[in-house]
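One letter stands for each residue in the lines below.
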Amino acid sequence: MVFLTRAQILRLCLFCQAACVLLRLSFMKHGMRLGDYLDLEWFLEKDRTSEPLEVLDRDRKIGLAATAESVAPALHAAYWLAFRRRADDKGLPSGSLRSILFMLRLALGLGGIVAGVSLTRALLLYSGVEPVNVSVFLLLAVFPQVGFIIFAAGLMAFRGLRKIELGIPLRPLFNLFWSRPGSLSPQAGFARSLFLRRGWPARMLGWEGLRLAHLGGFCLALGSLAGLVVSVAVTDLAFGWQSTLQVGAQGMHSLVGALSLPWSWLPAQWGLTPTLAQIEGSRIILKDGMGALANADLVAWWPFLCMCLLVYALLPRLLLLASAHWMLRRVERGFVHPDLSRIVDRMRAPLLGSARTAEAPSAPLPLKAAREAPMALSVTEPGALVGCALLLPPELADRIEAGRLSELTRRVCGYPDPRMLPFSLDPENVRQALAQCSGFEWIGGHERFVVLVEAWQPPIRENLLALTLLGQEPGRSLVLVLCGRPGGGNWLTAPTAAEREVWADAVGQLAPLRVDIFGADL
Amino acid sequence: MTIIPIFAVIGHPNEGKSSVVATLVENDRIRISPRPGETVRSMTYPVSIDGREVIAFVDTPGFQNPVQTLGWMRKFRGSEGEALSAFLDEFKDDPGMAHECELLSPVRDGAGIIYVLDASRPLRQVDKAEMEILRLTGSPRMAILNCKTGEEQFLEEWKAELRRHFNMVRTFNALSATFAERMRLLESLRALEQDWEDALGLVVDVFARDWRRRNAECAALACSFLRRVLGMSETAPLADPGARAEVEARLVHRLEGAIRKEEERLHEQVCRQFRHDRRSFELPEQSVLRQDLFSRTTWTVFGLSRAKLVAAAVAAGGAAGVALDLATLGSSLGLFATVGGAAAGLAALFQGERLVRGKLLGLGIGRRSVQVGPLDTVQWIFVLLDRFLLHYWYVIHWSHAWQGGDFSPPALDEGGKQGFTSTWSREMRGLCAEFFKAATGDDDVKSAALEMDMRRLLEEELERMSRL
C-alpha cells in the first residue's frame with residue numbers, strides 16, 4: 001500500500017487545481033459568454049470601490065500565477081475570471097442567470113411538450129363515428145406553427161442584418177416577475193440592473209430570449225409530433241377529409257402533393273404521401289357515413305401528417321434555435337469588454353511598490369545644552385572701553401555696513417559701535433571669540449554680547465551649545481538678533497513668524513539662561 | 001542574498017530631505033514638517049518590484065554637530081576608510097551626537113549619499129563642514145539642489161562649491177517635480193555607481209510603465225464617467241400640469257447633484273491612482289476647479305469657443321452623414337455628410353453658449369411625467385473633459401511632499417478659454433463631439449466603438465501632459 005506524505009498530497013492538490021483551471025480555460029477558448037461578462041462586470045463593480053493599489057497587487061499576483069502555469073497570453077483575461085470566481089464563494093450573477101435560464105428552459109421545454117401533446121390529443125379524438133379531419137389538423141396543428149416560424153425568421157433576419165438591439169421590453173417583463181427588486185439576491189439584482197441598461201447585456205439577453213422562445217417552439221412541435229406518433233401507435237385512429245366546396249379528390253391531391261414536395265424524393269412505397277386513390281377513398285360524405293370507406297385509405301394519412309409536423313414545424317424550429325444560438329455566440333464573440341485590456345495590463349505590468357508605513361512620530365529635538373565649565377580667560381589685552389560685542393556670521397561681516405550694525409546694537413542694547421566678532425555660532429568659534437574679548441574693558445564692567453543670527457538657518461545643537469557657552473557667565477547679557485533671508489541686496493531683513501517661533505522655542509530650551517530676542521528689522 | 005542600492009538622503013535640518021524621499025517613493029505619509037528637526041530617526045523606504053526590494057532610500061535626521069564632527073574626523077589618526085566606523089563607535093552612546101550617528105550609519109553600511117540642500121539661501125561655513133564630512137566618507141555621492149523658494153541668486157555659488165565635493169550635482173525641486181524630472185533624477189543615480197546600474201535601470205523602466213498604466217486607467221475612468229454622466233436623466237410623475245416648473249426645477253437640482261457626485265468620485269479615483277492621500281490633496285486656493293461645475297465662471301473658462309464648438313459639431317455631424325453616404329454606396333454624393341454637418345453646426349451655434357442652470361439640461365415632457373436629461377449641449381463634453389484634465393494636471397504636479405501653497409498650469413488658450421481641449425486639434429475635438437452624440441443618443445454599438453477611440457485619445461493627451 002502506498003502512503004503519500006503531506007507535501008506530496010499538497011503538490012497533488014495543486015496539480016489537480018491547476019489542471020482544473022486549464023481545463024476550464026480550454027472550454028472558454030471560444031471566447032467569453034454572457035454569464036462570463038456578467039461576472040466580469042460584477043467583479044469590476046467590486047473593484048471600483050476597492051483601493052487601486054490592492055486591485056493592482058491582486059491582479060499582478062494573478063498574472064504571475066498565470067505565467068507560472070504557462071497560460072497562453074491570449075487566455076490571461078479568462079484566467080483572471082476563473083481565478084476571481086474561485087476566490088469568490090458568495091455566489092455570482094452568472095449563477096443566478098444560470099438558475100433562471102435553467103428554470104425557464106425547463107418550463108418552456110416541458111410546457112411546449114405538454115402543450116404539443118395536448119394539442120394533438122385534442123385534435124385526434126376519435127370514437128369510431130367520425131374520422132379525424134386532416135384539414136382541421138393541418139389548420140390548427142401545423143399552419144399556426146408555420147406562421148410563427150415565418151414571423152420569427154423574418155424578425156431574426158431583419159435584426160441580424162441590421163445588427164441592432166433586439167427591443168425586448170425588459171422593464172415591464174422584470175416588473176412582472178420581480179415586482180419587488182429588493183427581494184432579489186444581490187447577484188440577481190445586479191444582473192437585473194445590468195440588463196436594464198442599454199448596451200451589450202440587453203443585446204445578448206435579447207438573443208438569449210429569442211433562443212428560449214425557439215426552444216419553446218421546438219418543444220411544442222416535438223410534443224405535437226410525439227403526440228401524433230404515440231396516438232397512432234397505441235390508439236385506433238381514422239383520418240379523412242371533407243369539404244363543402246367541389247374541389248374533388250384531384251384538388252386535394254394537388255394540395256397534398258404541393259405540401260409533400262420537400263420529401264417527394266423519398267421512395268413512394270414508404271407511404272409518406274397519400275395516393276389519389278387513398279385520398280378519394282378517405283373523403284367523408286356525411287350523408288353516406290363512414291361505413292363505405294376502406295380502412296386502408298383511412299389510415300393512409302398519418303405518415304403525411306407526421307412529415308408535415310416534422311418538415312414544417314420541428315425542423316425549421318430547430319434551424320431557428322440553432323440560428324439564435326449562433327447569433328448569440330456571434331454577439332458574445334464580437335464584443336470585447338473595454339476593461340479587459342486594463343485587466344490584462346495590470347496582470348502583466350510589474351508591480352511597483354513602496355513602503356506605505358508612516359513614519360513614527362518624532363520626539364522633540366534631543367537638545368541638551370550641556371553647560372560647560374566657565375572658561376579661564378588667560379589672555380589679557382589692553383583696549384578701549386567696549387559697550388557691546390557683536391558676534392556675526394563671517395559671511396556677513398563685509399556685506400553689511402558698519403553704520404547699520406552700529407545702529408542695530410544701539411537699538412537692542414543701547415550701545416552703538418560694537419566690537420565686531422566674525423565667528424560662526426558653534427562652541428569652537430565662540431571659545432575663540434571669548435578669548436579675543438578677554439582683554440576688553442566693558443563700560444560699567446558689564447559684558448554685553450549681541451549675536452546676529454540668520455534665522456532661516458534652523459537652530460542646530462551646536463548653535464545652542466554656543467549660546468549657552470556665551471551666556472553662562474554671570475553678569476553677562478546676551479541679545480539675539482534674528483535676520484531673515486537676504487533680498488535685494490539687503491542682509492538685515494525681517495525673519496518670518498515661523499523662523500522667529502522656531503528660534504524662540506529652541507532658545508527657550510536653554511532656560512535658565514536668559515536671552516533677549518529681537519528681529520533685525522527694528 | 002543580493003545587495004540592493006541604498007541611498008541615504010542627508011543634509012542640514014529642514015532642507016527638504018523628507019520631501020525628496022516622499023516624492024521619489026510616492027509616499028504621502030512621510031512626515032514633512034516646516035519645523036526643523038522633526039526627523040530624529042533614520043527611516044528606510046524601499047522600492048519593490050513584484051514584492052522584491054530593488055532600491056531603498058533612507059530619510060535621515062539633519063546634521064546637528066557638523067563642526068564638531070568634522071573636527072573629530074580631521075583629528076582622527078587612523079586610515080581614512082576607518083574614520084566613519086571609529087566615529088560611530090566613539091559616539092554611539094552620546095545623545096548629543098545621536099543625529100550624526102543616525103545619518104552616518106547607513107553610509108558606513110554602504111549606502112550612496114544624496115545630499116540635499118536648499119540652494120535658495122546663501123552658502124555658509126556649516127554647509128562646507130557638512131560637505132567635507134561627506135567627502136571624507138568616500139561614498140558615492142550626489143548633491144541635489146532643492147530651491148525651496150525658487151530663488152536662484154545663489155545657485156552658481158552653490159554649484160561651484162558642490163562640484164569640489166560631489167560626483168554629481170542636480171537641481172531637483174521635490175515640491176514641484178514632474179514625473180519626467182523624477183525619472184531624470186533616477187537615471188542620473190545610475191551613473192553614480194556602476195554596480196547599481198541594472199537595478200536602477202529596472203526601476204526607471206518599471207516606473208515609466210507604471211506611469212503609462214496609470215494614465216490608461218485614468219483615461220478609462222474618464223470615459224466611463226463621461227458615458228455615465230452624458231446618459232443621465234431624472235424623471236418624475238407629473239400629477240398636476242401646473243406644477244411642471246416646480247417639478248422640473250427639482251429634477252434639475254437632483255440631476256446636478258448626481259453629476260457633481262460622479263465628478264467628485266472620478267477626481268477621487270484619479271487621486272488614488274497616483275497614490276495621493278485624498279485627505280492631504282487640496283486644490284490651489286484660486287483654482288477655477290474650486291468653482292462649481294454649473295457656475296458661470298466654469299462655463300466661461302472651460303470648453304470651446306463658439307467657433308471651435310461649431311466646427312467640432314460639424315465634424316461630428318458630418319461623420320454621421322458619411323456613414324449614410326457609404327450606405328448609399330456613394331450615390332448621395334456626400335449630401336448626407338454635408339447636411340448632417342451643417343445641421344449639427346447650427347444646433348451647436350444656438351445651444352453652445354446657453355446658460356447652465358436649468359436651460360442647459362434637455363427637458364422632454366411626457367404625458368404624465370417630466371424628464372430632465374440626458375444633457376443636450378455638446379459643450380458639456382468639453383467642459384467635463386477640461387475639468388478632468390485640469391484636475392489630472394494638479395494631481396500629477398501635486399508632489400507627495402507638497403504641503404500647501406499654489407501652483408497653476410500654464411496659460412493655455414487664446415480667447416479667454418483656459419481648458420486643455422481648446423488647444424486640441426480639430427480631429428480630436430470632432431471625435432469628442434461624435435462621442436457626445438453617441439453617448440447621449442441610442443446608438444450603443446457606436447458609443448462602445450467610440451469609447452475605445454476616446455480612451456486612446458485621452459491616454460495620449462495624459463502622456464503629453466506628463467511631459468509638460
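Nothing here was measured: the structure is a model prediction, and the numbers come from that model.

Participant: Could you give me a rundown of the overall build of chain B, with the residues and numbers involved?
Facilitator: From N to C terminus, chain B includes 15 helices and nine strands. Looking at chain B as shown, the accessible area adds up to about 19,600 Å², and 51% of this sits on carbon and sulfur atoms.

Participant: Break down the overall build of chain A for me, citing the residues and quoting the values.
Facilitator: Along the backbone of chain A there are 19 helices and ten strands. Counting across all 522 residues of chain A, residues that qualify as buried make up 47%. Long-range contacts, defined here as pairs at least 24 residues apart, represent 80% of the contacts in chain A between residues at least 6 apart. In the form shown here, chain A has an accessible surface area of approximately 26,100 Å², with 64% of it arising from carbon and sulfur atoms.

Participant: Which residues make up the packing of helix 8 (residues 197–230) of chain B against helix 9 (residues 244–273) of chain B, and what values do they have?
Facilitator: Residue and element names in this part refer to chain B. Relative to each other, helix 8 and helix 9 sit at 175°, their axes nearing to 10 Å. Between helix 8 and helix 9, the interaxial angle falls into the category roughly antiparallel. Facing Arg213, Arg214, Glu217, Cys218, Leu221, Ala222, Phe225, Arg228 and Val229 of helix 8, the residues of helix 9 in contact are Ile259, Glu262, Glu263, Arg265, Leu266, Gln269, Val270 and Gln273. Residue classes in the contact of helix 8 with helix 9 are distributed as eight nonpolar, two polar and seven charged.

Participant: Let's hear about the packing of aromatic side chains: which residues, and what values?
Facilitator: Residue and element names in this part refer to chain A. Enumeration over the complete set of coordinates arrives at 22 aromatic pairs over all chains. With centroids separated by 5.8 Å and ring planes inclined at 65°, the aromatic side chains of Phe440 and Trp442 adopt a geometry described as edge-to-face. Both residues of the pair, Phe440 and Trp442, count as buried. Each member of the aromatic cluster is reached from another via a ring pair, and the members are Trp263, Trp301, Phe304 and Tyr312. The ring of Phe440 is capped by Arg419, whose NZ or CZ atom sits 5.1 Å from the centre of that ring.

Participant: Would you mind going over the pairing of strand 2 (residues 43–49) of chain B in detail, with residue names and values included?
Facilitator: Most of strand 2 of chain B is tucked away, with five of its seven residues classed as buried. Pairing between strand 3 (residues 352–354) of chain A and strand 2 of chain B: three bridges, direction antiparallel. Pairing of Gly353 of chain A across the sheet is with Ser48 of chain B, part of strand 2 of chain B. Where strand 2 of chain B and strand 3 (residues 52–59) of chain B come together, seven bridges link them in antiparallel fashion. Residue pairing for strand 3 of chain B: Met43 of chain B is matched across the bridge by Asp59 of chain B. The hairpin formed by strand 2 of chain B and strand 3 of chain B contains two residues between the paired strands, and Asp50 of chain B there has a positive phi angle of roughly 50°.

Participant: If you had to explain the sheet that holds strand 5 (residues 389–392) of chain A to someone new, which residues and values would you point to?
Facilitator: Residue and element names in this part refer to chain A. Ordered by their spatial adjacency, five strands build an open sheet running 6-5-8-9-10, and the pairing between neighbours is parallel. Lying at the two open borders of the sheet, with one neighbouring strand each, are strand 6 (419–422) and strand 10 (516–519). Ignoring strand direction, the axes of neighbouring strands in this sheet form an average angle of 25°. Of the strand pairs in this sheet, strand 5 and strand 6 are connected by four bridges, and their pairing is parallel. Note on strand 6: the bridge partner recorded for Leu392 is Pro422. Together, strand 5, strand 6, strand 8 (447–454), strand 9 (476–483) and strand 10 form the strand contacts of helix 16 (residues 402–413), whose direction differs from that of strand 8 by roughly 120°. Those strands touched by helix 19 (residues 497–508) are strand 8, strand 9 and strand 10, and its axis lies near 155° from that of strand 9.

Participant: Go over the packing of helix 13 (residues 379–397) of chain B against helix 14 (residues 426–440) of chain B, please, and point to the residues and values.
Facilitator: Residues and elements named next belong to chain B. At their nearest, the axes of helix 13 and helix 14 sit 9 Å apart, and the two run at 115° to each other. Judged by the angle between their axes, helix 13 and helix 14 are roughly perpendicular. The handedness of the crossing between helix 13 and helix 14 comes out as right-handed. Side by side, helix 13 and helix 14 meet where Trp380, Ile381, Phe382 and Leu385 of the first sit next to Arg429, Cys432, Ala433, Phe435 and Phe436 of the second. A class-by-class count of the residues in the contact of helix 13 with helix 14 yields eight nonpolar, no polar and one charged.

Participant: Summarise the interface of chain A and chain B; cite the residues concerned and give the values.
Facilitator: Listed per partner, the contact involves 57 residues of chain A and 64 residues of chain B. Together chain A and chain B conceal approximately 5,400 Å² of surface at their shared face, both sides included; 49% is due to carbon and sulfur atoms. Between the two partners, chain A and chain B, sit eight salt bridges. Inspection of the region where chain A meets chain B yields 16 residue pairs in polar contact (both at pLDDT 80 or more). Those elements giving two or more residues to the side of chain A that touches chain B turn out to be helix 3 (52–68), helix 9 (200–234), helix 14 (340–348), strand 3, helix 15 (394–397), helix 18 (461–471) and helix 19 of chain A. When residues of the side of chain A that touches chain B are assigned to their parent elements, the largest contribution, five residues, is made by helix 3 of chain A.

Participant: Would you mind going over the side chain of Thr409 of chain A in detail, with residue names and values included?
Facilitator: Residue and element names in this part refer to chain A. Along the chain, the position of Thr409 falls in helix 16. On the basis of relative accessible area, Thr409 is assigned to the buried category, the value being 0%. When residues no more than four places from it in sequence are discounted, the contact partners of Thr409 are Cys388, Leu390, Gly414, Tyr415, Pro416, Asp417, Pro418 and Val450.

Participant: I'd love a proper account of the side chain of Ser18 of chain B, names of residues and values included.
Facilitator: If you trace the backbone, Ser18 of chain B turns up in helix 1 (residues 17–25). Within the structure, the side chain of Ser18 of chain B is placed 2.7 Å from the side chain of Asp59 of chain B, a separation counted as a polar contact.

Participant: Can you tell me about the pairing of strand 5 of chain A, naming the residues and giving the values?
Facilitator: All names here are of chain A. Side chains of strand 5 alternate between two faces, with Ala389 and Leu391 and Leu390 and Leu392 buried alike. When strand 5 meets strand 8, the two strands line up parallel, connected through three bridges. Looking at strand 8, one finds that Ala389 is bridged to Phe449.

Participant: Outline helix 1 of chain B, supporting the account with residue identities and numerical values.
Facilitator: Burial analysis of helix 1 of chain B places nine of its nine residues in the buried class, which makes it a mostly covered element. A positive backbone phi angle near 55° is found at Glu26 of chain B, which sits one or two residues after helix 1 of chain B.

Participant: Pulling in residues and values, what's your account of the nonpolar core?
Facilitator: As a rule of thumb, soluble globular proteins bury nonpolar side chains together. One finds Phe57, Leu230 and Leu458 of chain B to be the most contacted residues of the largest nonpolar core, which totals 103 residues. If one sorts the elements of this core by residue count, helix 8 of chain B sits on top with 15 residues. Not counting chain neighbours up to four residues away, the residues in contact with Leu458 of chain B comprise Ala219, Ala222, Cys223, Leu385, Phe388, Leu389 and Trp424 of chain B. Listed in part, the 51 residues of the second largest apolar core include Leu396 and Cys483 of chain A together with Ile133 and Leu155 of chain B.

Participant: Now, about the sheet that holds strand 6 (residues 168–171) of chain B: what can you tell me, with residues and values included?
Facilitator: The seven strands lie next to each other as 3(A)-2(B)-3(B)-1(B)-4(B)-5(B)-6(B), forming an open sheet whose pairing is mixed. Taken across any chain shown, the strands that pair with only one partner, and hence form the sheet edges, are strand 3 of chain A together with strand 6 of chain B. The average angle at which neighbouring strand axes cross in this sheet is 20°, direction not considered. Across four bridges, strand 5 (residues 141–145) of chain B lies against strand 6 of chain B in parallel orientation. Each bridged residue has a counterpart across the sheet, and for Ile144 of chain B the counterpart in strand 6 of chain B is Arg170 of chain B. Taken strand by strand, helix 5 (residues 125–137) of chain B contacts strand 1 (6–11), strand 4 (112–117) and strand 5 of chain B, and its axis lies near 170° from that of strand 4 of chain B.

Participant: Provide a residue-level description of the pattern of salt bridges, including the pertinent values.
Facilitator: Within this structure, the stated rule accounts for 46 salt bridges over all chains. Arg58 of chain A is the partner of Asp59 of chain A in a salt bridge, and the nearest nitrogen-oxygen pair spans 2.8 Å. Note that Arg124 of chain B is salt-bridged to Glu454 of chain A, the shortest N-O span being 2.5 Å. Within this pair, whereas Arg124 of chain B is found in the loop between strand 4 and helix 5, its partner Glu454 of chain A is found in strand 8, the two belonging to separate chains.

Participant: Got a sec to walk through the confidence of the model for chain A? Specific residues and values, please.
Facilitator: Residue and element names in this part refer to chain A. For chain A, per-residue confidence averages 82 on the pLDDT scale, and 85% of positions sit at 70 or higher. Per-residue pLDDT, averaged within each element of chain A, yields its smallest value for helix 1 (residues 6–27) (63) and its largest for helix 5 (residues 93–123) (92). Residue range residues 358–381 is modelled with pLDDT below 50. Its contacts to residues more than four positions away, or to other chains, number 56 contacts.

Participant: Residues and numbers for helix 17 (residues 427–437) of chain A, please.
Facilitator: All names here are of chain A. Considered for burial, the residues of helix 17 that qualify are Pro427, Asn429, Val430, Ala433, Leu434 and Cys437. One side of helix 17 holds all its buried residues, which, seen down the axis, span an arc of 160°. Looking at the buried positions of helix 17, the neighbouring elements they touch are strand 5, strand 6, strand 7 (441–442), strand 8, helix 18 and strand 9.

Participant: Outline the confidence of the model for chain B, listing residues and values.
Facilitator: Residue and element names in this part refer to chain B. Scored by pLDDT, chain B has a mean of 80; 81% of the residues are at 70 or more. Taken element by element, chain B is modelled with least confidence in strand 8 (residues 361–365), mean pLDDT 47, and with most confidence in strand 1, mean pLDDT 94. Contacts for the low-pLDDT stretch residues 324–333, under 50 throughout, to residues beyond four places or in other chains number eight contacts. Taken as a whole, residues 352–366 scores under 50 in pLDDT and shows 43 contacts with residues more than four places along the chain or in a different chain. Interface scoring of the predicted complex returns ipTM 0.74; its pTM is 0.73.

Calculation notes
Residues numbered from 1 in each chain as written. Chains lettered and ligands numbered in written order. Predicted model: local features only at pLDDT ≥ 70, side-chain atom pairs only at ≥ 80, totals over all residues. Heavy atoms only, no water. Helix = DSSP H or I, 4+ residues; strand = E, 2+ residues; numbered from the N terminus. Areas by Shrake-Rupley, 256 points an atom, 1.4 Å probe, with all protein chains shown as cover. Buried < 20%, exposed > 50% of the residue type's maximum accessible area, 1.4 Å probe, protein only. Contact = heavy atoms within 4.5 Å. Axes fitted to C-alpha atoms, helices over the stretch in contact; angles between N-to-C directions. Parallel < 35°, antiparallel > 145°, perpendicular 65-115°, else oblique. Nonpolar A, V, L, I, M, F, W, Y, C, P; charged D, E, K, R; others polar. Phe/Tyr/Trp six-rings, centres within 6.5 Å; stacked < 30°, edge-to-face > 60°. Lys NZ or Arg CZ within 6 Å of the ring centre and 35° of its normal. Pairing = 2+ DSSP bridges. Left-handed = near helix turned anticlockwise from the far one by under 90°. Buried area = accessible area lost by both parts, 1.4 Å probe. Salt bridge = Lys/Arg side-chain N within 4 Å of Asp/Glu carboxyl O. Polar contact = N/O pair within 3.5 Å; in protein donor to acceptor, adjacent residues only side chain to side chain. Core = buried A, V, L, I, M, F, W, Y, C linked by side-chain atoms within 4.5 Å. pLDDT = per-residue confidence, 0-100. Arc of directions from axis to C-beta.

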